[in-house]
Amino acid sequence: MAAKIDHEKLKKLHEREEKRFIAEHPRSAELYNRAQGSLLGGVPMNWMKKWAGAFPVFVKTAKGAHFTCVDGREYVDLCLGDTGAMTGHSPEVVAEAICKRLREGITFMLPTEDAVWVGEELKRRFGLPYWQFTLTATDANRFAIRICREITQRSKILVFHYCYHGTVDETVVSLKDGVVGPRRGNLGPAVNPAETTRVVEFNDLGALEDALKHHDVACVLAEPAMTNVGIILPVNGYWKAARELIRKYGSLLIADETHTICAGPGGCTKEWNLEPDLFVMGKPIGSGIPGGTYGCSEDVARRIAARINLEDCDVGGIGGTLAGNALSLAAMRVTLEKVLTADAYKKMIPLAKRFNDGVAKEIAARGLPWNIQQLGCRAEYTFCNPAPRNGGESAAAGDFELERFLHLHALNRGVLLTPFHNMALMCPATSEADVDLHTKIFAEAARELTS
Ligand SMILES: Cc1ncc(COP(=O)(O)O)c(C=O)c1O
């Protein structure tokens with residue numbers, strides 16, 4: 001018999017954890033109260049209010065897989081800046097390379113040799129021949145979309161239900177009873193996203209084909225495995241067939257591997273031989289120094305070159321004064337050369353398996369109707385069983401209160417999970433002991449919830 005969660009009990013457990021959290025973080029509380037006078041909502045970015053706990057923990061220092069808060073508590077960081085710090089915090093080699101660059105000039109509107117090195121390395125890893133740089137993955141997605149619209153002369157893009165690709169207007173969408181509209185919480189949409197976007201469920205080839213049949217989809221913007229509504233893996237043969245459909249209907253595939261770079265040094269693109277037309281990545285590519293990139297195929301490069309002229313190339317909607325700056329590129333070079341190496345993945349992926357196995361064992365032992373999925377060095381559990389096959393199914397299994405309790409419970413015992421998910425990410429500095437600490441804490445929480 002699968003164990004049911006008693007929400008009355010959950011509420012009491014949460015109140016207990018909240019009291020402990022407040023008592024143990026007086027300095028964070030003080031800073032949060034002070035911030036009410038100068039930061040909108042008391043935080044530097046609005047989503048920071050959503051952390052489990054009465055206020056966010058303020059960080060003092062971080063190194064490798066650990067950080068210390070202003071109250072002097074140390075944590076195992078399984079959030080790792082939601083992939084921005086998948087390299088581990090401030091790897092020594094990165095700190096050295098960046099400090100050197102900081103002393104020798106940060107931004108010029110001119111290229112450095114590092115850009116060429118990084119372009120060559122991205123080409124080697126992902127197979128696409130030409131690359132450009134941005135400050136964020138969001139920007140890389142926006143520019144990749146613009147290119148697709150321009151060269152196909154089609155108006156729409158296609159995304160999967162419950163996708164997240166950053167703050168790209170066209171992607172803040174939802175699908176309700178087959179109707180596309182703004183996603184709940186979408187602030188100030190310029191237009192109803194139904195005008196710009198088709199939305200289908202992941203792993204549904206029939207729905208994909210129906211949407212592509214309109215011949216108005218410039219590109220399919222997709223994570224090869226969904227990672228922002230739990231981890232949703234493609235079913236066997238999905239991408240091979242989806243890729244063929246995208247080609248058949250004259251659309252282009254943008255693989256957004258900002259998170260799925262966890263699958264291996266060449267992302268899912270290499271692991272699964274995806275052959276995207278464009279490729280996007282950001283976050284960890286510079287160990288957290290702002291930087292993003294998009295690459296394109298020979299064919300896309302030829303088609304875009306035919307439509308851009310020198311006189312207007314700075315005002316066409318693709319740009320950013322700081323994009324491609326020397327600091328970002330120095331950070332990307334050292335990260336790719338010395339941190340996110342094939343050897344690093346050989347260490348990180350088994351750790352995610354250890355995490356996965358530990359949690360799976362506890363889920364089974366407690367009869368919880370949950371599942372855990374792993375993709376490379378990332379693992380995440382969701383509150384349903386079997387694992388969801390698409391965004392709609394996964395979102396339907398969400399339990400905001402349960403998630404907040406589990407996060408706060410872990411935080412109070414020294415482990416930071418990725419907020420708004422139950423995701424854990426391994427970096428090269430994560431240890432087996434770090435993973436086992438989480439397993440122990442998870443087991444305690446599962447016991448409390450089911451006894
Ligand atoms: C798959 C994916 N793409 C793009 C982004 C946007 O990254 P950024 O917020 O760094 O622009 C995110 C952010 O979480 C993401 O998960």
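Residues numbered from 1 in each chain as written. Predicted model: local features only at pLDDT ≥ 70, side-chain atom pairs only at ≥ 80, totals over all residues. Heavy atoms only, no water.

1. Comments concerning the domain arrangement of the protein chain
Domain boundaries in the protein chain define domain 1 (7–86 + 342–450) and domain 2 (92–339). Summarising the inter-unit geometry, the C-alpha centres of domain 1 and domain 2 are found 27 Å apart. Contacts between domain 1 and domain 2 engage 28 residues on the former and 31 residues on the latter. Broken down residue by residue, the surface that domain 1 buries against domain 2 is led by Tyr345, Leu375 and Arg389, which jointly contribute 26%. Counting across the interface, domain 1 meets domain 2 through two salt bridges. Here Glu92 makes a salt bridge to Lys63, at a shortest N to O gap of 2.8 Å. (Domains from an automatic or database assignment. Contact = heavy atoms within 4.5 Å. Buried area = accessible area lost by both parts, 1.4 Å probe. Salt bridge = Lys/Arg side-chain N within 4 Å of Asp/Glu carboxyl O.)

2. Thoughts on the pairing of strand 12 (residues 292–296)
With respect to burial, strand 12 is a largely interior element, five of its five residues being buried. Of the two faces of strand 12, both are covered, the one formed by Gly292, Tyr294 and Cys296 as well as the one formed by Thr293 and Gly295. For strand 4 (residues 130–134) and strand 12, the ladder comprises five bridges, and the chain directions are antiparallel. Within the sheet, the bridge partner assigned to Trp131 lies in strand 12 and is Gly295. (Buried < 20%, exposed > 50% of the residue type's maximum accessible area, 1.4 Å probe, protein only. Helix = DSSP H or I, 4+ residues; strand = E, 2+ residues; numbered from the N terminus. Pairing = 2+ DSSP bridges.)

3. What about the site of the ligand?
Neighbouring the ligand are 13 residues; Thr138, Asn228, Asp256, His259 and Lys283 lie closest to it. Separating an oxygen atom of the ligand from a backbone N or O atom of Ala137 is a distance of 3.4 Å. Relative to its unbound accessible area of 390 Å², the ligand is 85% covered by the protein chains. Counting residues per element, the shell around the ligand draws most heavily on helix 5 (residues 137–152), which supplies three residues. By residue class, the composition of the shell around the ligand is two nonpolar, eight polar and three charged. (Near = heavy atom within 4 Å. Polar contact = N/O pair within 3.5 Å; in protein donor to acceptor, adjacent residues only side chain to side chain. Areas by Shrake-Rupley, 256 points an atom, 1.4 Å probe, with all protein chains shown as cover. Nonpolar A, V, L, I, M, F, W, Y, C, P; charged D, E, K, R; others polar.)

4. Overview of the sheet that holds strand 3 (residues 74–77)
A sheet is described by the order of its strands in space; here four strands give the open sequence 1-2-3-15, paired in mixed fashion. Single-partner strands in this sheet number two, and they are strand 1 (59–63) and strand 15 (415–416). Pairing geometry for strand 1 and strand 2 (residues 66–69), over four bridges, is antiparallel. Opposite Ala62, over in strand 2, you have Phe67 as the bridge partner.

5. Quick word on helix 4 (residues 113–126)
Taking 1.5 Å as the rise per residue, helix 4 with 14 residues should run 20 Å; its terminal C-alpha atoms sit 20 Å apart, in good agreement. Every buried residue of helix 4 is accounted for by Asp114, Ala115, Val118, Gly119, Glu121, Leu122, Arg125 and Phe126. Buried residues along helix 4 sit in contact with strand 4, helix 8 (267–271), strand 11 (278–281), strand 12 and helix 10 (326–339). Gly127 sits one or two residues past helix 4 and shows a positive phi near 85°. (Expected span 1.5 Å × (residues − 1).)

6. Structural notes on the packing of aromatic side chains
Counted by the stated rule, this structure contains 18 aromatic pairs. Aromatic pair Phe143 and Tyr294: ring centres 6.3 Å apart, planes at 70°, arrangement edge-to-face. In this pair, Phe143 sits in helix 5 while Tyr294 sits in strand 12, placing the two residues 151 residues apart along the sequence. Judged by relative accessible area, Phe143 falls into the buried class, the value being 3%. Taken together, Phe160, Phe202, Tyr238 and Trp239 form an aromatic cluster joined through their ring pairs. (Phe/Tyr/Trp six-rings, centres within 6.5 Å; stacked < 30°, edge-to-face > 60°.)

7. Topic: the nonpolar core
Counting 111 residues, the largest nonpolar core has Trp239, Trp370, Tyr381 and Met426 as its most contacted members. Ranked by residue count, the leading element in this core is helix 11 (residues 342–365), at eight residues. Both domain 1 (7–86 + 342–450) and domain 2 (92–339) contribute no fewer than three residues apiece to this core. If sequence neighbours within four positions are ignored, Trp370 has contacts with Ile5, Ile363, Tyr381, Thr382, Phe383, Cys384, Asn385, Leu402, Leu406, Phe442 and Leu449. Counting residues in hydrophobic clusters, the runner-up holds 15 residues, among them Val43, Leu408, Leu411 and Leu416. (Core = buried A, V, L, I, M, F, W, Y, C linked by side-chain atoms within 4.5 Å.)

8. Here we look at the pairing of strand 6 (residues 173–176)
Residues in a regular strand point their side chains to alternate faces of the sheet. With four bridges joining them, strand 6 and strand 7 (residues 179–182) adopt antiparallel strand pairing. Note on strand 7: the bridge partner recorded for Val173 is Pro182. The hairpin formed by strand 6 and strand 7 contains two residues between the paired strands, and Asp177 there has a positive phi angle of roughly 50°.

9. Observations concerning the side chain of Asp256
Inspection of the secondary structure puts Asp256 in strand 10 (residues 252–256). The buried charged residue Asp256 lacks any salt bridge, with Lys283 as its nearest oppositely charged partner at 8.6 Å. Once residues lying within four places of it in the same chain are set aside, the contact partners of Asp256 are Asn141, His165, Leu221, Ala222, Glu223, Pro224 and Val280. (Lys, Arg positive; Asp, Glu negative; His and termini not counted.)

10. Some words on the pattern of salt bridges
All told, the structure shown has 30 salt bridges when counted by the stated rule. Glu170 is the salt-bridge partner of Arg149, the closest N and O atoms lying 2.7 Å from each other. Of this pair, Arg149 sits in helix 5 while Glu170 sits in the loop between strand 5 (156–160) and strand 6, and the two are 21 residues apart along the sequence. The class of Glu170 is buried, set by a relative accessible area of 15%. Connected via shared salt-bridge partners are Arg16, Glu17, Arg413, Lys440, Glu444 and Glu448.

11. Concerning the environment of Ala352
Here Ala352 is to be found in helix 11. Along the sequence, Ala352 and Ala379 sit 27 residues apart, while their C-alpha atoms lie 6.0 Å from each other.

12. Some thoughts on a nonpolar patch on the surface
On the surface, Met45, Trp47 and Phe420 cluster together to form a nonpolar patch covering roughly 280 Å² of accessible area. Considering the arrangement of structural elements, one finds Phe420 in the loop between strand 15 and strand 16 (423–425). (Patch = residues over 30% accessible without salt bridge, like charges linked within 9 Å, V, L, I, M, F, W, Y side chains within 5 Å.)

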